[in-house]
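Close look at the chain arrangement
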Amino acid sequence: VLLAGKYGCGKTLVSAVTALKATKNGWTYLYGKTAEDLESLYRMATQYGNCVIFIEDVDQQLKGDRSEQMNLILNVLDGVDTKGNEIITVFTTNHVEKINPAALRPGRIDKFVRVLPPDAKAAVQLIEKYGRGLLEPGTDLAPAGEVLAGRIPAFIRETVEEAKIAAVG
């Protein structure tokens with residue numbers, strides 16, 4: 001799976017939610033700092049059974065012309081050694097256009113998900129999440145959701161944090 005979107009749109013938040021859901025359902029969750037970690041993560045995943053591997057900013061290793069390092073990553077994704085295992089690999093990117101087309105073909109990347117900034121309804125849900133129970137039950141957050149629609153979750157979080165500070169002041 002490739003999650004693509006601009007900086008701060010919530011791809012890393014998807015990682016945190018994925019980790020919680022995976023482990024809650026008996027799956028192992030492994031996080032890699034770069035796609036160069038993929039080979040060792042796949043080796044580890046084969047020992048754990050059902051596994052989700054999450055790696056951010058894959059465009060850093062899969063951009064430009066084919067290289068030895070890129071071929072290694074692509075061969076791991078092709079999965080000759082792991083065909084019988086339940087492994088879901090999730091990548092993120094801010095720059096899908098930089099990724100070599102060889103990496104984007106089905107069999108390597110089967111699902112492409114564009115992560116967009118939240119709409120008004122999702123903005124309200126984020127306000128509630130970041131409010132951490134400090135909001136009065138029944139508070140109409142729709143106007144705030146409308147104002148924050150289209151903003152990245154990081155901006156919404158910071159807005160809520162600033163509102164908390166202002167409320168204390």
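Residues numbered from 1 in each chain as written. Predicted model: local features only at pLDDT ≥ 70, side-chain atom pairs only at ≥ 80, totals over all residues. Heavy atoms only, no water.

Moving on, we come to the overall build of the protein chain. The number of helices and strands found in the protein chain is seven helices and five strands. Walking the protein chain from its N terminus toward its C terminus, one meets helices and strands in the order β-α-β-α-β-α-β-α-β-α-α-α. Projected onto the principal axes, the alpha-carbon positions of the protein chain cover approximately 55 × 35 × 25 Å. Restricting to contacts in the protein chain with at least 6 residues of sequence separation, those with at least 24 account for 70%. Carbon and sulfur atoms make up 55% of the accessible area of the protein chain, which amounts to about 10000 Å² in all. Of the charged side chains in the protein chain, 20 are positive and 21 negative; the average position of the first set lies 2 Å away from that of the second. (Helix = DSSP H or I, 4+ residues; strand = E, 2+ residues; numbered from the N terminus. Contact = heavy atoms within 4.5 Å. Areas by Shrake-Rupley, 256 points an atom, 1.4 Å probe, with all protein chains shown as cover. Lys, Arg positive; Asp, Glu negative; His and termini not counted. Charge placed at Lys NZ, Arg CZ, Asp CG, Glu CD.)

Before going further, it helps to examine the sheet that holds strand S2 (residues 28-32). Note on sheets: strands pair through backbone hydrogen bonds, and any given pair is parallel or antiparallel. Strand order in this open sheet of five strands is S2-S3-S4-S1-S5, and the pairing throughout is parallel. Sheet topology places S2 and strand S5 (112-114) at the edges, where each strand pairs with a single neighbour. The average angle at which neighbouring strand axes cross in this sheet is 20°, direction not considered. Both S2 and strand S3 (residues 51-55) contribute to a ladder of five bridges, which runs parallel. (Pairing = 2+ DSSP bridges. Axes fitted to C-alpha atoms, helices over the stretch in contact; angles between N-to-C directions.)

Along its twelve residues, helix H5 (residues 120-131) runs 16 Å from first to last C-alpha, staying within 8% of the 16 Å computed at 1.5 Å per residue. Along H5, the residues classified as buried are Ala120, Ala123, Val124, Leu126, Ile127, Tyr130 and Gly131. Each buried residue of H5 lies within a common arc of 160° when the element is viewed along its axis, so the set occupies one face. Where H5 starts, the residue carrying a side-chain oxygen 3.3 Å from the main-chain nitrogen of Lys121 turns out to be Asp119. Immediately beyond the C-terminal end of H5, within one or two residues, lies Arg132, with a positive phi of roughly 50°. (Expected span 1.5 Å × (residues − 1). Buried < 20%, exposed > 50% of the residue type's maximum accessible area, 1.4 Å probe, protein only. Arc of directions from axis to C-beta. Polar contact = N/O pair within 3.5 Å; in protein donor to acceptor, adjacent residues only side chain to side chain.)

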